[in-house]
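Residue-level listing of the chains:
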Amino acid sequence: MLAELAAFLDEHRRRPNAGRHDIARGRGSEWALGHWLVVQRSDDRLGRLPGHRARALDKVLPSWRVDDRTLAGEVAWRLRLVGVLRFCQEHGRLPKHTDNKNPAGEPGFGMWLDPQPKNHRNGRLHPERAMWFDRQVGNWGSAAPTVSVSTGLAD
C-alpha cells in the first residue's frame, strides 16, 4: 500500500480521498488508499502502528498523521487570517463586527475575529494560531487591539 500511496501522490499531486459516496472501493482504488491512510492514523494514535511503518509513511507523506478535515480547517482559518490582514492593510484598522450580513467583507472578518481573544484566554485557541496573531496583529488580545500588520505571513 505504501508503494501505491507513493505512486498516487506522484500522479495526482494530492492525498487520496476516502469519500463516503465513492462506489469504487476495491483494491487499488483511491477510496481504498484513502481508507488505508485513515487506518494508519488510527493505529498510530492508539500506539499500534509499528515504528518502521510510521517512519516509512513519514518519508512518503510527512503530513500523513494529520487528517483531511483538520488540514481543510487549518487552510480555512489561515485564509480568513489573510483576509483580515488584507483588510487591515487597506483600511488601517481591524474589521468590526457589524450587522451587515456580508460574510466575505468586514462583517464576516469582524465576526471571525471577535471571539479569538476569548478563545485564547480560555485555552481554546491553538498556540500556533495565537503566535500568528501575535506576529501579525499587535495587541490582538486586548479590548482595543491595534493594527501592526507585517509585510507577510512568513515573517
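Look above for the structure.
Residues numbered from 1 in each chain as written. Predicted model: local features only at pLDDT ≥ 70, side-chain atom pairs only at ≥ 80, totals over all residues. Heavy atoms only, no water.

Enquirer: So what's going on with the environment of L71? Residues and values would help.
Expert: With respect to the helices, strands and loops of the structure, L71 is situated in helix α4 (residues 68-91). Apart from the residues lying within four places of it in its own chain, the contact partners of L71 are R15 and V66. (Helix = DSSP H or I, 4+ residues; strand = E, 2+ residues; numbered from the N terminus. Contact = heavy atoms within 4.5 Å.)

Enquirer: Residues and numbers for the side chain of D43, please.
Expert: As for its placement among the helices and strands, D43 is situated in helix α2 (residues 30-45). Assessed through its relative accessible area of 18%, D43 is described here as buried. Non-local contacts of D43, meaning those with residues more than four positions away in its chain, are made with R48 and L49. (Buried < 20%, exposed > 50% of the residue type's maximum accessible area, 1.4 Å probe, protein only.)

Enquirer: I'd like to hear about the packing of α4 against helix α5 (residues 106-113), residue by residue, with values.
Expert: Two elements in contact, α4 and α5, have axes separated by 10 Å at closest approach and are oriented at 120 degrees. Accordingly, the angle class assigned to the pair α4 and α5 is oblique. α5 is crossed by α4, and the crossing has left-handed handedness. The residues of α5 that touch α4, namely those facing W77, R80, L81, G83, V84 and F87, are E106, G108, F109, W112 and L113. Here the contact of α4 with α5 is composed, by residue class, of 7 nonpolar, 2 polar and 2 charged. (Axes fitted to C-alpha atoms, helices over the stretch in contact; angles between N-to-C directions. Parallel < 35°, antiparallel > 145°, perpendicular 65-115°, else oblique. Left-handed = near helix turned anticlockwise from the far one by under 90°. Nonpolar A, V, L, I, M, F, W, Y, C, P; charged D, E, K, R; others polar.)

Enquirer: Mind laying out the layout of surface pockets, listing which residues take part and the relevant values?
Expert: By volume, the largest pocket amounts to about 330 Å³. Lining the largest pocket are R15, P16, N17, A18, G34, L37, V38, R41, R45, D67, D68 and R69. Only α2 and α4 provide two or more residues apiece to the lining of the largest pocket. When residues in the lining of the largest pocket are grouped by element, the largest group, 5 residues, is from α2. Grouping the amino acids of the lining of the largest pocket by side-chain chemistry returns 4 nonpolar, 2 polar and 6 charged. (1 Å grid on protein atoms, 1.4 Å probe; cavity = no way out; pocket = protein on both sides within 12 Å on 5 of 7 lines; lining within 4 Å. Points joined across faces, edges and corners; volume = space filled by probe spheres on them.)

Don't take any of this as a statement about function, it's just geometry.
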